Amino acid sequence: MNSRIVRIVLPAVLTIACEQTLFIDRCFAITYLTIEQAQELLAPHVSWKQISLHLSEEQVDSIEELSEVSVLSPELKVWNAANGDLFIVDNVLGKHEFITYAVLLSAEGSVKGIEILDYRETYGEQIRRAEWRAQFVGKSQVEQLVFEKDIVNISGATISCSQITKGVKRLLATYQLVLKNLKTS
Amino acid sequence: MIRRAKPFLLGTIVDITVFDDVTNAADAIDAAFQRIQEIHESMSFHVQSSDLSKINSCQIPSVLNVSKDLIKVLSVCLDLNKNSEGIFNPAVAAILQKMGKLPVSKGIANLNLSVLSDSIVIESDSKVLVKQAVCLDLGGIAKGYAVDEACKVLKDYGLINALVNAGGDIKALGPKTHNIKIRHPYAGINSDYTADISEQAFATSAPYLDPQMPAHVDGRNGYVYSGNEVVSIKAKDCIYADALCKIAFFLNEDKLEQLLEYYDAEMIVASISQNMHNAGKFSIESKEGYASR
């Protein structure tokens with residue numbers, strides 16, 4: 001009978017091989033939008049001025065306390081517009097994915113829009129390695145990574161948005177505790 | 001080529017790629033996201049004002065006016081419920097959630113699920129009769145439907161080759177061949193486990209990744225699948241690929257062949273070699289930590 005069912009047995013040895021070599025070396029990245037493209041999409045024809053901000057340890061603690069989400073980096077990537085709108089670029093870490101996204105906040109601190117800039121996927125445990133994450137701060141580890149730049153489509157388990165939800169929660173707390181006061185001072 | 005992604009649609013990230021070099025590609029993508037948003041709003045279990053929530057909270061009996069999308073999805077649900085001998089049942093996951101317990105290895109003896117058609121009857125393309133109190137969750141099928149509808153929008157814009165991926169529920173519009181990577185239970189995307197699709201839909205169910213989620217539940221008895229098999233379905237429409245890869249975990253093989261034949265679908269089942277179970281630190285137990293986080 002011509003079956004419609006194909007059975008594959010995946011070799012257990014793959015796990016060992018991957019653990020030692022592939023996991024460290026391979027992931028893929030998709031760039032959906034550059035920062036400029038996201039700014040243009042979220043708020044057309046607005047000129048943005050970048051503010052460079054480094055959160056103090058106390059600020060990190062209070063943001064974490066208010067949002068109940070841990071802060072990944074003390075460096076904040078924030079832009080402001082003449083009308084008081086803020087454009088923030090942030091990263092979140094999921095089970096398999098590292099997502100860079102942008103949020104447009106109104107002068108009153110409400111979310112006006114969200115766009116995904118980059119999506120990088122790799123094996124779940126690798127993504128939590130400090131040195132792997134460090135590539136997003138510096139460039140030290142990038143040369144060790146083989147990014148698959150072709151069209152990559154993955155099937156198998158829904159990617160949850162819960163990390164982005166948490167990321168936005170963290171940014172809203174950051175607004176309340178840091179950005180709001182910054183503007184009035 | 002243009003590629004965009006949006007979060008929060010249907011609880012996942014939806015990724016749309018257009019391969020044609022045309023000026024209206026960005027508009028087409030926006031319209032497709034808009035269409036998915038519409039479907040999301042009508043079928044969300046969590047949004048109080050959704051048409052689905054109306055069904056879940058109405059007086060019994062009631063005839064409700066709901067979106068045409070919801071009617072289409074419910075009619076497919078009724079079909080699948082009947083053809084899968086009750087395994088596919090959008091009423092079951094919500095019941096388990098409400099009960100606050102997820103039996104992992106045993107079903108619930110007195111779950112007492114009736115056949116879906118005892119509870120809801122479709123009266124017209126915008127009216128549904130709710131005969132018995134139900135609590136439906138379309139999580140196992142709405143994404144597939146939304147992907148199909150998004151592809152229709154892209155086609156209406158005159159696009160030839162495009163791909164829509166809603167968290168792993170994928171459909172390819174046009175003749176271009178796409179290689180889809182399927183996550184290996186332990187190697188993630190580093191597996192060389194792939195499938196090619198062209199003018200087809202593809203969906204994968206990997207219950208090992210979300211052991212706490214009642215996504216793979218036998219609608220007859222509430223049994224939650226807890227093995228480490230990964231099932232992928234290739235079908236013409238994503239709504240069937242999405243639903244069939246849930247049914248596959250519980251239906252016996254002969255019936256499954258018939259069902260795949262009926263919906264003109266193909267299935268790939270991947271499991272881990274038996275050595276896995278004896279591989280010490282690479283055992284399933286030691287790896288579940290990362291899956292459940």
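## As for a negative patch on the surface
Residue and element names in this part refer to chain A.
Part 1: There is a patch of like negative charges on the surface, built from Glu-57, Glu-58, Asp-61 and Glu-65.
Part 2: In this structure, Glu-57 sits in helix α3 (residues 57-67).
Part 3: Classification of Glu-57 by relative accessible area gives exposed; the value is 67%.

## What about the pattern of salt bridges?
All names here are of chain B.
Part 1: Tallied over the full model, the rule gives 20 salt bridges over all chains.
Part 2: The shortest N-O distance in the salt bridge between Arg-35 and Asp-69 comes to 2.7 Å. With Arg-35 in helix α1 (residues 25-43) and Asp-69 in helix α3 (residues 68-83), this pair connects stretches of sequence that are 34 residues apart.
Part 3: Here Glu-149 makes a salt bridge to Arg-35, at a shortest N to O gap of 2.9 Å. One end of the pair, Glu-149, is in helix α6 (residues 142-156); the other, Arg-35, is in helix α1, with 114 residues separating them in the sequence.

## Side note on the side chain of B:Lys234
Residue and element names in this part refer to chain B.
Part 1: With respect to the secondary-structure elements, Lys-234 resides in strand β11 (residues 230-235).
Part 2: Despite being buried, Lys-234 has no salt bridge partner; Glu-266 is the closest side chain of opposite charge, sitting 4.7 Å away.
Part 3: Polar contacts involving the side chain of Lys-234 include one to the main-chain carbonyl oxygen of Asp-196, which spans 2.9 Å.
Part 4: If we skip the residues at most four places from it in the chain, Lys-234 touches Asp-196, Ile-197, Gln-200, Ala-201, Phe-202, Asp-264, Ala-265 and Glu-266.

## What about the nonpolar core?
Part 1: Of all hydrophobic cores here, the largest spans 76 residues; its most connected members are B:Ile55, B:Ile120, B:Leu138, B:Ile141 and B:Ile233.
Part 2: With nine residues, the top contributor of residues to this core is α1(B).
Part 3: If sequence neighbours within four positions are ignored, B:Ile120 has contacts with B:Ile55, B:Leu74, B:Leu78, B:Val128, B:Leu129, B:Val130, B:Val134 and B:Leu136.
Part 4: Core analysis: the second largest hydrophobic core is formed by 44 residues, A:Val78, A:Leu86, A:Val92 and A:Ile114 among them.

Rules used throughout
- Counting of residues starts from 1 at the beginning of each chain's written sequence and follows it residue by residue.
- Lettering of chains starts at A and numbering of ligands starts at 1, both following the order in which they are written.
- pLDDT decides what is reported in this predicted model: residues at 70 or higher carry local features, side-chain atom pairs at 80 or more are listed and counted, and totals for whole chains, interfaces and linings draw on all residues regardless.
- As a convention, hydrogens and water are excluded, and side-chain values are obtained from all of the structure's heavy atoms.
- Only residues above 30% relative accessible area that lack a salt bridge enter a patch, with like-charged residues linked at up to 9 Å and the nonpolar side chains Val, Leu, Ile, Met, Phe, Trp and Tyr linked at up to 5 Å.
- Method for areas: the Shrake-Rupley scheme with a 1.4 Å probe, in which residue coverage is limited to the protein chains shown.
- The salt bridge criterion pairs a side-chain nitrogen of Lys or Arg with a carboxyl oxygen of Asp or Glu, the two atoms within 4 Å.
- As used throughout, the charge tally considers Lys and Arg to be positive and Asp and Glu to be negative, leaving His and the chain termini uncounted.
- For this purpose, a charge sits on NZ of Lys, CZ of Arg, CG of Asp or CD of Glu.
- Only DSSP runs of H or I with at least four residues qualify as helices, and only runs of E with at least two residues qualify as strands; both kinds are numbered from the N terminus onward.
- Under the scheme applied here, a residue whose accessible area is under 20% of the maximum for its type counts as buried, over 50% as exposed, and between as partly exposed, the area being computed with a 1.4 Å probe on protein chains only.
- Polar contacts, as counted here, are pairs of nitrogen or oxygen atoms within 3.5 Å of one another; within protein the pair requires one atom able to donate a hydrogen and one able to accept it, and residues that are adjacent in sequence qualify only if both atoms are side-chain atoms.
- The contact definition used throughout considers only heavy atoms, calling two residues in contact when any of these lie within 4.5 Å.
- Think of a nonpolar core as a cluster: buried Ala, Val, Leu, Ile, Met, Phe, Trp, Tyr and Cys residues, connected wherever their side-chain atoms sit within 4.5 Å.

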